[in-house]
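Notes for the structure review
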Amino acid sequence: LCSDKVYYTKNVLDCEEEVLNTLEFKLAMPTTIDFINMVFALSPDLVTTSGTKIKNMAYYLSEIYILDSSLLGSKYSSIGVACVVLGMMIIEKYPAWNSAMARVAECKYPLNLRIEVEGLHKAYLDYQAKNLQVTSNRYKLEMRDCVSSIPV
């Protein structure tokens, strides 16, 4: 019995099964990549000649984020925007902030993402120093704008 003896375990499991079948088992949380895509979709000004390169760098940074445990408590939306901000800093040599980033990260000012951007930057530098190859090689490809080959 569960829930103060109002429902039996089988009732709860049957309801759970019905919900899952109704949703066709399509239960998914948005990922860091989804939030990166959201920033680009909401920011036509980011689609510049280097926009694809910035997006590929943001994807690369998001994969590095997965390998680093120091940012695990951060929201995916904050990490996604931090990947775009740091990607712009690496590619364009300047940080940027716009209303789409504020909307996606649910914060008004870039200073609110300082911990995420600094942590991501440290993870990026550590990753480069460790010379780990799997992710790096994938982002050395021309189709990914060779972003992992950009000097630190």
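In this report, the structure presented in the accompanying data block is examined.

What counts as what
Residues numbered from 1 in each chain as written. Predicted model: local features only at pLDDT ≥ 70, side-chain atom pairs only at ≥ 80, totals over all residues. Heavy atoms only, no water. Helix = DSSP H or I, 4+ residues; strand = E, 2+ residues; numbered from the N terminus. Buried < 20%, exposed > 50% of the residue type's maximum accessible area, 1.4 Å probe, protein only. Contact = heavy atoms within 4.5 Å. Areas by Shrake-Rupley, 256 points an atom, 1.4 Å probe, with all protein chains shown as cover. Salt bridge = Lys/Arg side-chain N within 4 Å of Asp/Glu carboxyl O. Axes fitted to C-alpha atoms, helices over the stretch in contact; angles between N-to-C directions. Parallel < 35°, antiparallel > 145°, perpendicular 65-115°, else oblique. Left-handed = near helix turned anticlockwise from the far one by under 90°. Nonpolar A, V, L, I, M, F, W, Y, C, P; charged D, E, K, R; others polar. Phe/Tyr/Trp six-rings, centres within 6.5 Å; stacked < 30°, edge-to-face > 60°. Lys NZ or Arg CZ within 6 Å of the ring centre and 35° of its normal. Arc of directions from axis to C-beta. Expected span 1.5 Å × (residues − 1).

1. Some thoughts on the overall build of the chain
Broken down by element type, the chain carries 7 helices and 0 strands. What you see in the chain, going N to C, is helices and strands ordered as α-α-α-α-α-α-α. Per-residue burial over the chain gives 39% buried out of 152 residues. For the chain, restricting intrachain contacts to residue pairs at least 6 apart in sequence, the fraction spanning at least 24 positions comes to 68%. Summed over all atoms, the accessible surface of the chain reaches about 9500 Å², with 59% contributed by carbon and sulfur.

2. What to know about the pattern of salt bridges
Taken as a whole and judged by the stated rule, the model has 4 salt bridges. Residues R138 and E63 are paired through a salt bridge, measuring 2.2 Å at the closest nitrogen-oxygen approach. In this pair, R138 sits in helix α7 (residues 134-138) while E63 sits in helix α3 (residues 51-67), placing the two residues 75 residues apart along the sequence. In this structure R138 comes out as partly exposed when scored by relative accessible area, which is 29%. For R114, the salt bridge is made with E118, and the minimal N-O distance between the two is 2.7 Å. In this pair, R114 and E118 are both assigned in helix α6 (residues 114-130), 4 residues apart and thus about one turn of the helix distant.

3. Considering the packing of helix α2 (residues 32-42) against helix α4 (residues 76-92)
Contact pair α2 / α4: the axes reach a minimum separation of 8 Å and the direction vectors enclose 55°. Relative to α4, α2 is oriented oblique. As α2 runs across α4, the sense of the crossing is right-handed. Facing T32, F35, I36, V39 and F40 of α2, the residues of α4 in contact are Y76, S77, I79, G80, V81, C83 and V84. Class assignment for the residues of the contact of α2 with α4 results in 9 nonpolar, 3 polar and no charged.

4. Focus: the packing of aromatic side chains
Ring pairs (aromatic) are described by centroid distance and by the angle formed between their planes. Tallied over the entire structure, the rule returns 3 aromatic pairs. Ring plane angle 80° and centroid distance 6.2 Å describe the contact between Y60 and Y127, whose orientation is recorded as edge-to-face. Taken together, the positions of Y60 in helix α3 and Y127 in helix α6 put the pair 67 residues apart, joining distant regions of the chain. It is R144 that lies over the ring of Y139; its NZ or CZ is 4.8 Å from the centre.

5. Description of α2
Taken together, the buried positions of α2 are occupied by T32, F35, I36, V39 and F40. Each buried residue of α2 lies within a common arc of 140° when the element is viewed along its axis, so the set occupies one face. Looking at the buried side of α2, the elements it contacts are α3, α4 and α5 (99-105).

6. Here we look at helix α1 (residues 9-22)
Look at α1: 20 Å from first C-alpha to last across 14 residues, which is about the 20 Å you get at 1.5 Å a residue. The positive-phi residue at the C-terminal boundary of α1 is E24, with phi of around 55°.

7. Let's talk about unusual backbone geometry
Phi is positive for D145, close to 60°, though the residue is something other than glycine. Relative to the assigned elements, D145 resides in the segment after α7. One non-glycine residue, C146, adopts positive backbone phi at about 50°. Counting through the fold element by element, C146 comes out in the segment after α7. Given a relative accessible area of 24%, C146 falls into the partly exposed group.

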